[in-house]
Amino acid sequence: MISTAWNTIKKGELAPVYLLVGEESYFIDETIKRLKEAMGPEEELELTAFDLDEEPVDAVMDEADTIPFFSERKLIIAKNASFLKAAEKGKEKIDHDVKRLEAWLANPSDFSVTVFIAPYEKLDERKKVTKIMKKHALYIQAETPKEQDLTVWLQGIVKAAGNSITQDAIEQLVAMVGANMLQLQMEIDKLTLYLGEGGEITASLVEELVAKTLEEDAFKMLNAYLANDAVGALTIYHDLLRQKQEPIMLVGLLASNVRTMSNVFYLLKKGYHPQQIAKNLKIHPYRVKLMVEQRHRPSEESLLRALYQLAEVDLQLKSTGGNRERYLELFLLRQL
């Protein structure tokens, strides 16, 4: 587990090679930060970074095998270890000497801490180099935690700042920001700074202070439209136009949300649990929860009709001139 790895780093028990795998940048950045802190003052740290999409892995090994000048150990970061994942033949940018890497991993330099970062959902487990890397490196999965774990994590960082947070606020925050932990951390920092110590983060405070994303606004606009709340839908639409958002992009976002909603309701009807639906559709469980708990759940027919009408709006925007904002406005005014 990542917490176990972080505890050993805190104790100063550093592995010669780390392998960070996953798309959650928060865990990757936090692990690097903790390694830097464990290796001494920043001004004394010897740090070298490589992008393996641009440089061969030989450069990483050569640097790791070079004795540090000003400290006992040095830190080497090797980003984008794409040779560990499945790749199309002829698409590789750099020719990596994986044979040399396989031999080096069995006996890495003890005066260097080398971190290979593979920011991908999964590795190619069939590759020999992947197997050897996972055998000899300290393997850390950087993946977004599940719903309950994310809740516990959010409660933990709020508590560490001397505040508390309601469950409604957590759901509101994740619905607005998504499951991006780095962004969630930044928003929590902002909320706790506003509150000071000893305050409680509520859903209304989240709604007031957290910047709304375009995706969140599009989702709210669609929900208002599906509930036949033309005034609510148009209010959001006009706000987005004032922010210089393009109608054609908004049509695309609305259509994407309609397709997701349709898939959620289809799987729900087939007996899938919301957690299973989230995993199958690769969306966060909170977003599924919001759809499932809708008071005015649209029928399959109305969703298909909305999708068809959005396709017509898309065609109009791409083929005609004039008042482009008007086409989507008319769609939002038309009841399902």
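In this report, the structure presented in the accompanying data block is examined. All values derive from a computational prediction rather than experimental measurement.

Definitions and limits used
- Residues numbered from 1 in each chain as written.
- Predicted model: local features only at pLDDT ≥ 70, side-chain atom pairs only at ≥ 80, totals over all residues.
- Heavy atoms only, no water.
- Helix = DSSP H or I, 4+ residues; strand = E, 2+ residues; numbered from the N terminus.
- Buried < 20%, exposed > 50% of the residue type's maximum accessible area, 1.4 Å probe, protein only.
- Contact = heavy atoms within 4.5 Å.
- Areas by Shrake-Rupley, 256 points an atom, 1.4 Å probe, with all protein chains shown as cover.
- Pairing = 2+ DSSP bridges.
- Axes fitted to C-alpha atoms, helices over the stretch in contact; angles between N-to-C directions.
- Parallel < 35°, antiparallel > 145°, perpendicular 65-115°, else oblique.
- Left-handed = near helix turned anticlockwise from the far one by under 90°.
- Nonpolar A, V, L, I, M, F, W, Y, C, P; charged D, E, K, R; others polar.
- Core = buried A, V, L, I, M, F, W, Y, C linked by side-chain atoms within 4.5 Å.
- Salt bridge = Lys/Arg side-chain N within 4 Å of Asp/Glu carboxyl O.
- Phe/Tyr/Trp six-rings, centres within 6.5 Å; stacked < 30°, edge-to-face > 60°.
- Lys NZ or Arg CZ within 6 Å of the ring centre and 35° of its normal.
- Expected span 1.5 Å × (residues − 1).

### With respect to the overall build of the chain
For step 1, the next point in the chain: Secondary structure summary: the chain contains 16 helices and seven strands in total.
For step 2, the next point in the chain: Dimensions of the chain along its principal axes, counting C-alpha atoms only, are 70 × 55 × 45 Å.
For step 3, the next point in the chain: With 336 residues in all, the chain has 43% of them scored as buried.
For step 4, the next point in the chain: Look at the contacts in the chain between residues 6 or more apart in sequence, and 77% of them connect residues 24 or more apart.
For step 5, the next point in the chain: Carbon and sulfur atoms form 51% of the exposed surface of the chain, whose accessible area is close to 18300 Å².

### Some points on the sheet that holds strand β4 (residues 112–118)
For step 1, the next point in the chain: On the basis of which strands lie adjacent, the open sheet formed by five strands has the order β2-β3-β4-β1-β5 and parallel pairing. Pairing within the sheet leaves two strands with one partner each, and these edge strands are β2 (47–51) and β5 (138–141). Adjacent strand axes in the sheet meet at a mean angle of 15° when their direction is disregarded.
For step 2, the next point in the chain: The sheet strands contacting helix α2 (residues 25–38) are β1 (17–21), β2, β3 (74–79), β4 and β5, and the helix crosses β4 at an angle near 175°.

### What to know about the packing of helix α3 (residues 57–64) against helix α4 (residues 98–105)
When two helices pack together, their arrangement is given by the angle between their axes and by how far apart the axes lie.
For step 1, the next point in the chain: Viewed as axis vectors pointing N to C, α3 and α4 meet at an angle of 30°, and their least axial separation amounts to 9 Å. With respect to α4, the axis of α3 lies roughly parallel. Both α3 and α4 take part in a crossing whose hand is left-handed. Seen from α3, the contacting residues are V57, D58, M61, D62 and A64; seen from α4, they are R100, L101 and W104.
For step 2, the next point in the chain: Its residues placed into classes, the contact of α3 with α4 shows five nonpolar, no polar and three charged.

### Quick word on the nonpolar core
Within soluble globular proteins, side chains that are nonpolar generally end up buried alongside one another.
For step 1, the next point in the chain: If you look at the biggest cluster of nonpolar residues, it comprises 44 residues, and the most contacted ones within it are Y18, V115 and L154.
For step 2, the next point in the chain: Looking at this core element by element, the count peaks at six residues for helix α7 (residues 167–177).
For step 3, the next point in the chain: In contact with L154, not counting residues within four places along its chain, are I170, L173, V174, L184 and I188.
For step 4, the next point in the chain: Counting residues in each nonpolar core, the second largest holds 36 residues, with L222, Y225, A233 and L310 among its members.

### Quick word on the pattern of salt bridges
Where side chains of opposite charge bring their charged atoms close, a pairing between them can arise.
For step 1, the next point in the chain: Scanning all chains against the criterion turns up 14 salt bridges.
For step 2, the next point in the chain: E300 is the partner of K269 in a salt bridge, and the nearest nitrogen-oxygen pair spans 2.5 Å. One end of the pair, K269, is in helix α12 (residues 247–269); the other, E300, is in helix α15 (residues 300–319), with 31 residues separating them in the sequence.
For step 3, the next point in the chain: One salt-bridge network, held together by shared partners, links D58, D62 and R100.

### Details of the packing of aromatic side chains
For step 1, the next point in the chain: For the coordinates displayed, the defined rule picks out four aromatic pairs.
For step 2, the next point in the chain: Relative to W153, the ring of Y26 lies with its centre 5.1 Å away and its plane at 70°, an arrangement referred to as edge-to-face. Here Y26 is found in helix α2, whereas its partner W153 is found in helix α6 (residues 147–160), with 127 residues between them in sequence.
For step 3, the next point in the chain: By relative accessible area, which is 7% here, Y26 ends up buried.
For step 4, the next point in the chain: The exposure class assigned to W153 is buried, which follows from its relative accessible area of 15%.
For step 5, the next point in the chain: Just above the ring of W6 sits the side chain of R34; from NZ or CZ to the centre is 3.9 Å.

### A short note on helix α10 (residues 214–226)
For step 1, the next point in the chain: The end-to-end C-alpha distance of α10, which contains 13 residues, comes to 18 Å, matching closely the 18 Å that a straight helix rising 1.5 Å per residue would cover.
For step 2, the next point in the chain: Most of α10 sits out of view: ten of its 13 residues are buried.
For step 3, the next point in the chain: When α10 is considered as a whole, its buried residues turn out to be L214, E216, D217, A218, F219, M221, L222, A224, Y225 and L226.
For step 4, the next point in the chain: Turning to α10, the residues buried within the fold contact α7, α11 (230–242), α12, α14 (285–292), α15 and α16 (325–333).

### Some remarks on the environment of M261
For step 1, the next point in the chain: One can find M261 in helix α12.
For step 2, the next point in the chain: C-alpha separation for the pair M261 and I283, spaced 22 residues apart in sequence, amounts to 11 Å.
For step 3, the next point in the chain: Setting aside its immediate chain neighbours within four residues, M261 contacts F219, L222, N223, L226, M291, Q294, P298 and L303.

### As for the environment of K135
For step 1, the next point in the chain: Within the secondary structure, K135 is located in helix α5 (residues 128–136).
For step 2, the next point in the chain: When the C-alpha atoms of K135 and A106 are compared, they prove to be 9.0 Å apart, with 29 residues separating the residues in sequence.

### Some words on the packing of α10 against α11
For step 1, the next point in the chain: The interhelical angle for the contact between α10 and α11, taken along N-to-C directions, is 155°, at an axis separation of 7 Å. Taken together, the axes of α10 and α11 are roughly antiparallel relative to one another. The handedness of the crossing between α10 and α11 is left-handed. For the pair α10 and α11, the contacting residues are L214, D217, K220, M221, A224 and Y225 in the first and G232, A233, I236, Y237 and L240 in the second.

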